[in-house]
Amino acid sequence: MKEYDVKITEILEKTVTVQASSREEAEEKVNVAWSNSEYILDSEDFVGVDFKTEHEHSLNLNKIDVLLVEPGQYPKTTQIGTDLEDLQEAVGGSIEVTYPFDEEVGIILNEEGKLLGLPLNRAMRSDDGEVYDIYAGPFIVAGLTEDSFGSLTPEQMKKFSEMFHQPEMFVKMGKGLMVLPIPKESIKSKETEKGIEPKIKKSPELGDM
């Protein structure tokens, strides 16, 4: 389904008689009189109507509640459309979906985040706390339906908000990376000082991870 902007043009027409020495003078007299509201066109002067479509918009009625996790920031609850374009816009490019949890949820991220050098975001850990991957760029935690994405339940929203609550930074240590929490004051500074990015290592430093 889409939205369309349709212009409605109603046509009113009225003929008046004036005395003048030329066509130009006659038109000028009528113009002045009309401007002074001496001639008022109303429904009796209606002669036609025209409809013209000017703009077409995609309309997505399927908004879902998801968790948006951005580098250097606390997670945020937001609504997003399920069209491919909406998902691509949210993560800044082509999407990749991972399913790292037993629950019916997926993580939507930029599939080229590391190649593009997007800021590293959150470390993914196994059950024993071992880091097995690091996501680059913003990502979305969304619920899953039989054939698409769906809203997170309140319980899922709480669980994953807590899981990804702490923004992280990544420091090169030999051949690996050390994962450290970003100090609270640094997170506040990014929220209040527009355009200031936290000092997060870019993904080309990621190595083989």
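See the structure shown above.
These figures come from a predicted structure and were not determined experimentally. (Residues numbered from 1 in each chain as written. Predicted model: local features only at pLDDT ≥ 70, side-chain atom pairs only at ≥ 80, totals over all residues. Heavy atoms only, no water.)

Observations concerning unusual backbone geometry
Part 1 of the reasoning: Even without a glycine there, the phi angle at S37 is positive, about 65°.
Part 2 of the reasoning: Here S37 shows up in the loop between helix 1 (23-35) and strand 2 (46-58).
Part 3 of the reasoning: Residue classification places S37 among the partly exposed positions, given a relative accessible area of 48%. (Helix = DSSP H or I, 4+ residues; strand = E, 2+ residues; numbered from the N terminus. Buried < 20%, exposed > 50% of the residue type's maximum accessible area, 1.4 Å probe, protein only.)

Quick word on the pairing of strand 6 (residues 105-110)
Part 1 of the reasoning: Among the six residues in strand 6, six count as buried, and that is most of the element.
Part 2 of the reasoning: Examined bridge by bridge, strand 5 (residues 95-98) and strand 6 share four bridges and lie antiparallel to one another. Its bridge partner being in strand 6, V97 is matched across the sheet by I108.
Part 3 of the reasoning: In this structure, the hairpin formed by strand 5 and strand 6 is closed by a connection of six residues.
Part 4 of the reasoning: Bridge count for strand 6 against strand 9 (residues 139-144) is five bridges, and the pairing is antiparallel. The residue of strand 9 that forms the bridge with I107 is V141. (Pairing = 2+ DSSP bridges.)

Focus: the nonpolar core
Part 1 of the reasoning: Counting residues in hydrophobic clusters, the biggest one holds 14 residues, and the most contacted among them are L67, F101, I107, F139, V141, F160 and F164.
Part 2 of the reasoning: Examining the composition of this core, we find that three residues originate from one element, strand 6, more than from any other.
Part 3 of the reasoning: Discounting residues that sit within four places of it in the chain, I107 has contacts with E96, V97, T98, P100, F101, M124, Y135, F139, I140, V141 and F164.
Part 4 of the reasoning: One finds I64, I80, V91 and A142 within the second-largest nonpolar core, a separate group that totals 10 residues. (Core = buried A, V, L, I, M, F, W, Y, C linked by side-chain atoms within 4.5 Å. Contact = heavy atoms within 4.5 Å.)

With respect to the pairing of strand 4 (residues 76-81)
Side-chain positions along a regular strand alternate between the two faces of the sheet.
Part 1 of the reasoning: Of the strand pairs in this sheet, strand 3 (residues 63-69) and strand 4 are connected by six bridges, and their pairing is antiparallel. Among the inter-strand pairings, D65 is bridged to a residue of strand 4, identified as Q79.
Part 2 of the reasoning: Connecting strand 3 to the antiparallel partner strand 4 that follows it, the hairpin turn spans six residues, and G72 within it adopts a positive phi of roughly 75°.

As for the environment of T15
Part 1 of the reasoning: Relative to the helices and strands, T15 is located in the loop between strand 1 (2-12) and helix 1.
Part 2 of the reasoning: Between the C-alpha atom of T15 and that of Y39, which follows or precedes it by 24 residues, the distance is 9.9 Å.

A closer look at helix 3 (residues 154-163)
What sets the pattern is the α-helix's 3.6 residues per turn: residues three or four places apart point alike.
Part 1 of the reasoning: Residues Q156, M157 and F160 constitute the buried set of helix 3. Projected down its long axis, helix 3 shows its buried positions confined to an angular sector of 100°, all on one face. Seen from the open side of helix 3, the exposed residues pointing more than 90 degrees away from its buried face are P154, E155, K158 and E162.
Part 2 of the reasoning: Of the surrounding elements, those touching the buried residues of helix 3 are strand 3, strand 4, strand 6 and strand 9. (Arc of directions from axis to C-beta.)

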